[in-house]
Amino acid sequence: MDIKRILPLGVLSVLLLVLAVLFFVGGAEKPPALAPVPVPDDAGEDSAEPPQTRTITLFFLSDEDNLLHPEEREIYTHELTVFEAKQAIEELVRGSSSGAVASIPPGTRLREMYIIQDGVAYVDFSRELKDNHGSGTAAETATVFAIVNTLTYNFESIKRVSILIGGNERETLNGHIDLTRPLLPRLDLIAK
Amino acid sequence: MSSDAGSIPAASKSSHTNERNVVKYIVRSLMVLFVLLCQLAPTAASRFQEEPFLKLSVEDFADYGRVTVTSNHPLRSSIEKNGIYLLVRIRADQPFRIRRGSFRSRFIESVGWTQGVDFYVLNIKVQMSDFTHASTNLTRPHRLVIDVLPEGADPRPKAGQEAAEGAATIPKKETGARTTERAAPRTETPAAIPTQSLAQGTRTIIIDPGHGGLEVGAEGQNGTLEKDITLSLSLKLKAIIERNLAYRVVLTRDRDVDVPLERRAAIANNEQAFLFVSIHANGFPGSKARGAETYFLNLNATDEEARRLAYMENNSTELDQVQGDAEDDIKMILWDMAQANFLKQSSEMAELIQSELNTLRDTRNRGVKQAPFKVLTGVACPAVLVEVAFISNPDEERKLLTDDFQAAVAQAIYTGLAKFIRQYARD
Ligand SMILES: [Zn+2]
């Protein structure tokens, strides 16, 4: 009997307590840290089917005109853009199959990649991207925009690209192009 | 349940009082809890909701100037002296709101903020080249106090030294006491101070020799470093400008040292520069690439963003406020995208310099280009970056090392600049 009458009061007080605590502490909660949020691709393939491939365009360099030269490559399709985009960058890192000048310096690895909802792709390279880079404005521009253009050209959901090195944001690769803001593609650097 | 109902008459009274006691107890505990939470709330709220800020004020005492940065967050900082500048780097895990305080000083010419990825740099420009400084980090509120003392002008060097040490060691209460005590002499006639302030109206051209120190830039096949070529060229260009024009020339570095990119822009803005020219030598894989190209900034913005930026810049920008502010106010600029305001003039300057470079013998014209150069974004005046030749091309590397070619390149850049000045000064 006691318990029966007191119980609702107890429950009420606990509820009030929880509400009070939420009221005062709730505002203190920080927004969740930036986490990889893969953007789903519009082509939702059934994963049980045999792997399908699609053709993408990579950009390599030429020491004749110092522009970006397209080269086609096959990658496996995936319902998540980020998995396709990773393959594209890995192919770019692997280099040209037709003897064009590499756009990524030797020894560089793709460490991680993620795409956030507003269409910014974060591509994290190993430090060789900077250390093994020959430097100079023309070289730096070519490397940076080979990466940016490869991603934005092939994946509609990627609008801008942010290049990280060793997990960190860097001001520039070697003193020229600003890497602190996600970069827009530069189609004018592609050879006609 | 049914057995409970049967026992009502016997237990009723005592159960009733018990129940009331429990209710009283619960209500009282809730009240206590509520009061406790109310007391906790302001600190919790201020800790989490108050926007992080950095507030800057500058004031003078009898024989020294004091810069105080106040914040609601702990300040982790380092100070470096560079010529007439003190560069205070403050680490920032989140963006701070920059607030202005009072500015009145005979010792400090100007102060300005530059924002980096995870830090802010406070550039303090001191009126005299011979000075010492002392700093201390205090709490409640968090503040960084930097005292600037003229070295030669102090009639009582020991007192000056004591002031500096005082700032660095005296606990906050005493510092406060001394502050009020010393506030009075502020209105007195200042002692003779060897100022190096500019002749009024003299305009400043900034030459920025690319790279420096550990940042060697591009490297030629025979080991020539971009940083050495850019410095040598910049010194030649400085000499030609000073010989021919009534402009003051300031180099962002005059020897082989590291100078962060934001600092180069900050130097230009602190000098209220008229023009900014960054000198570089180019590089590309292989040895074939050759020629000269001149850049101005690409905003890396969509058309829509560029329109918005232009609107902001043309209406109520920090820059406008700075120009319109009373002298008392701190000259403070968030220089993040200052160059957005000068793209048209910058492109004109680039065209004029490039056409002069095209007249050089055996130099291939690569034209005027745009790229999002870090060094240019924060510069609040017409600004270009000149790539004079390819150090990665062995022929051009050899040329870049000769005095003749360097002199010809410097002369070409000067001619382009002079043409631009004639045009720009007329506007
Ligand atoms: Zn350079």
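Conventions we followed
Residues numbered from 1 in each chain as written. Chains lettered and ligands numbered in written order. Predicted model: local features only at pLDDT ≥ 70, side-chain atom pairs only at ≥ 80, totals over all residues. Heavy atoms only, no water. Helix = DSSP H or I, 4+ residues; strand = E, 2+ residues; numbered from the N terminus. Buried < 20%, exposed > 50% of the residue type's maximum accessible area, 1.4 Å probe, protein only. Contact = heavy atoms within 4.5 Å. Areas by Shrake-Rupley, 256 points an atom, 1.4 Å probe, with all protein chains shown as cover. Donors = N, O, S within 2.8 Å, 3.2 Å for Na, K, Ca; no water. Tetrahedral: all angles 85-135°; square planar, octahedral: opposite > 155°, others 65-115°. Pairing = 2+ DSSP bridges. Core = buried A, V, L, I, M, F, W, Y, C linked by side-chain atoms within 4.5 Å. Axes fitted to C-alpha atoms, helices over the stretch in contact; angles between N-to-C directions. Phe/Tyr/Trp six-rings, centres within 6.5 Å; stacked < 30°, edge-to-face > 60°. Lys NZ or Arg CZ within 6 Å of the ring centre and 35° of its normal. Salt bridge = Lys/Arg side-chain N within 4 Å of Asp/Glu carboxyl O. Left-handed = near helix turned anticlockwise from the far one by under 90°. Nonpolar A, V, L, I, M, F, W, Y, C, P; charged D, E, K, R; others polar.

Chemist: Residues and numbers for the overall build of chain A, please.
Modeler: Along the backbone of chain A there are four helices and six strands. Reading the secondary structure of chain A in the N-to-C direction produces α-β-β-α-β-β-α-α-β-β. For chain A, the proportion of its 192 residues judged to be buried stands at 48%. If you take every contact in chain A between residues at least 6 apart in sequence, the share linking residues at least 24 apart comes to 63%. Of the accessible surface of chain A, which amounts to about 9800 Å², a share of 57% is contributed by carbon and sulfur atoms.

Chemist: Run through the overall build of chain B, naming residues and quoting values.
Modeler: Along the backbone of chain B there are 12 helices and 15 strands. Counting across all 427 residues of chain B, residues that qualify as buried make up 49%. Counted over contacts in chain B with a minimum sequence separation of 6, partners at least 24 positions apart contribute 75%. Here chain B displays about 20800 Å² of accessible surface, and carbon together with sulfur accounts for 51% of that area.

Chemist: Could you give an account of the coordination of the zinc ion, with specific residues and numbers?
Modeler: With distances of 2.0 to 2.1 Å, the protein atoms coordinating the zinc ion are His176(A) (NE2), His211(B) (NE2), Glu226(B) (OE) and His280(B) (ND1). Each of the four donor atoms bound to the zinc ion contributes to angles spanning 95 to 157 degrees, and the resulting shape is irregular. On the criterion of sequence distance, the pair formed by His211(B) in the loop between β10 (204–209) and α5 (226–244) and Glu226(B) in helix α5 is long-range, its members being 15 residues apart.

Chemist: Lay out the pairing of strand β8 (residues 131–138) of chain B with the relevant residues and their values.
Modeler: All names here are of chain B. Both β8 and strand β9 (residues 142–150) contribute to a ladder of eight bridges, which runs antiparallel. The residue of β9 that forms the bridge with Asn-137 is Leu-144. Linking β8 back to β9 in an antiparallel pair, the connection comprises three residues, with Arg-140 at a positive phi of about 50 degrees.

Chemist: Which residues make up the nonpolar core, and what values do they have?
Modeler: Met113(A), Leu151(A) and Ile413(B) are the most contacted members of the largest nonpolar core, which has 111 residues in total. At 11 residues, helix α12 (residues 403–426) of chain B tops the list of elements feeding residues into this core. Residues contacting Met113(A), with those up to four places away along its chain left out, are Val82(A), Ala85(A), Lys86(A), Ile89(A), Ala121(A), Tyr122(A), Val123(A), Leu151(A) and Ile158(A).

Chemist: Please give an account of the sheet that holds strand β15 (residues 383–390) of chain B that cites residues and values.
Modeler: Taken in spatial order, the six strands make up an open sheet running β11-β10-β12-β15-β13-β14 (chain B), and their pairing is mixed. The two strands at the open ends of the sheet, each matched to only one other strand, are β11 (248–251) and β14 (365–371) of chain B. Between one strand axis and the next, the sheet turns through 20 degrees on average, direction left out of account. Relative to strand β12 (residues 275–282) of chain B, β10(B) runs parallel, the two being bridged by five bridges. Within β12(B), the position partnered with Ile206(B) by the bridge is Phe276(B). Most of the contacts of helix α4 (residues 137–154) of chain A go to β15(B), to which it runs at about 105 degrees, and overall it touches β12, β13 (292–297) and β15 of chain B. α5(B) contacts β10, β11, β12 and β15 of chain B of the sheet and is inclined by roughly 160 degrees relative to β10(B).

Chemist: Describe the environment of Ala266(B), and please don't skip the residues or the numbers.
Modeler: Residues and elements named next belong to chain B. Among the secondary structure elements, Ala-266 is positioned in helix α6 (residues 261–270). Under the relative-accessibility criterion, Ala-266 is labelled buried at 0%. As for Ala-266 and Val-375, which are separated by 109 residues in sequence, their C-alpha atoms are 9.9 Å apart.

Chemist: Tell me about the environment of Tyr64(B), and name the residues and values.
Modeler: Residue and element names in this part refer to chain B. With respect to the secondary-structure elements, Tyr-64 resides in the loop between β1 (53–60) and β2 (65–71). We classify Tyr-64 as buried; its relative accessible area is 1%. Spatially, the C-alpha atom of Tyr-64 lies 9.4 Å from that of His-133, the residues being 69 residues apart in sequence.

Chemist: Before we move on, can you summarise the packing of aromatic side chains with the specific residues and values?
Modeler: Within this structure, the stated rule accounts for seven aromatic pairs over all chains. Ring centres of Tyr247(B) and Phe274(B) lie 5.5 Å apart, and the angle between their planes is 20 degrees; this geometry places the pair in the stacked category. On the criterion of sequence distance, the pair formed by Tyr247(B) in the loop between α5 and β11 and Phe274(B) in the loop between α6 and β12 is long-range, its members being 27 residues apart. The exposure classification of Tyr247(B) matches that of Phe274(B), with both residues buried. Ring pairs connect the aromatic residues Tyr247(B), Phe274(B), Phe420(B) and Tyr424(B), which therefore count as one cluster. For the cation-ring pair, Arg186(A) lies above Phe145(A), with the distance from its terminal atom to the ring centre recorded as 5.6 Å. The ring centre of Phe53(B) lies 3.9 Å from the NZ or CZ of Arg99(B), which sits over that ring.

Chemist: Quick one: what's the story with the pairing of β9(B), residue by residue and with numbers?
Modeler: In regular strands, side chains alternate between the two faces of the sheet. All names here are of chain B. With eight of nine residues buried, β9 is to be regarded as a mostly interior element. By the bridge criterion, seven bridges tie β2 to β9 in an arrangement that is antiparallel. Across the sheet, the residue bridging to Val-67 is Ile-146, located in β9.

Chemist: Describe the sheet that holds strand β3 (residues 110–115) of chain A, and please don't skip the residues or the numbers.
Modeler: All names here are of chain A. As summarised here, the arrangement of the four strands in space is β3-β4-β5-β6, forming an open sheet in which the pairing is mixed. The sheet is open, and its two edges are formed by β3 and β6 (168–169), each paired on a single side. The pairing of strand β5 (residues 160–165) with β6 spans two bridges and is antiparallel. Each residue of the ladder has a partner; that of Ile-165, found in β6, is Asn-168. Sheet contacts for helix α2 (residues 81–94): β3 and β4 (120–125); angle to β3, the most-contacted strand, approximately 145 degrees. Each of β3, β4 and β5 touches α4; the most contacted strand, β5, lies at about 135 degrees to it.

Chemist: Mind laying out unusual backbone geometry, listing which residues take part and the relevant values?
Modeler: In the Ramachandran plot, Ser135(A) falls in the positive-phi region, its phi being about 65 degrees despite a non-glycine side chain. For Asp362(B), which is not a glycine, the phi torsion comes out positive at approximately 60 degrees. By the element assignment, Asp362(B) lies in the loop between α9 (343–357) and β14. Among the residues examined, Asp362(B) registers a relative accessible area of 56% and is labelled exposed.

Chemist: With reference to specific residues and values, describe the pattern of salt bridges.
Modeler: Oppositely charged side chains are able to pair whenever their charged atoms sit close together. Here the structure, examined in full by the defined rule, presents 27 salt bridges over all chains. The closest approach of N and O atoms between Glu64(A) and Lys288(B), which form a salt bridge, is 2.5 Å. Here Glu64(A) is found in the loop between β1 (53–61) and β2 (68–76), whereas its partner Lys288(B) is found in the loop between β12 and β13 on a different chain. Judged by relative accessible area, which is 52%, Glu64(A) ranks as exposed. With relative accessibility at 44%, the residue Lys288(B) sits in the partly exposed group. Among the salt bridges present, the one from Lys125(B) reaches Glu271(B), with a minimum N-O distance of 3.5 Å. Here Lys125(B) is found in strand β7 (residues 119–126), whereas its partner Glu271(B) is found in the loop between α6 and β12, with 146 residues between them in sequence.

Chemist: Kindly report on the packing of α2(A) against α4(A), identifying the contributing residues and their values.
Modeler: Residues and elements named next belong to chain A. Packing of α2 against α4 leaves a shortest axis separation of 10 Å and a crossing angle of 145 degrees. Relative to α4, the crossing made by α2 is right-handed. Residues Ala-85, Ala-88, Ile-89 and Leu-92 of α2 lie in contact with α4, whose contacting residues are Ala-146, Ile-147, Thr-150 and Leu-151. Of the residues belonging to the contact of α2 with α4, the class tally is seven nonpolar, one polar and no charged.

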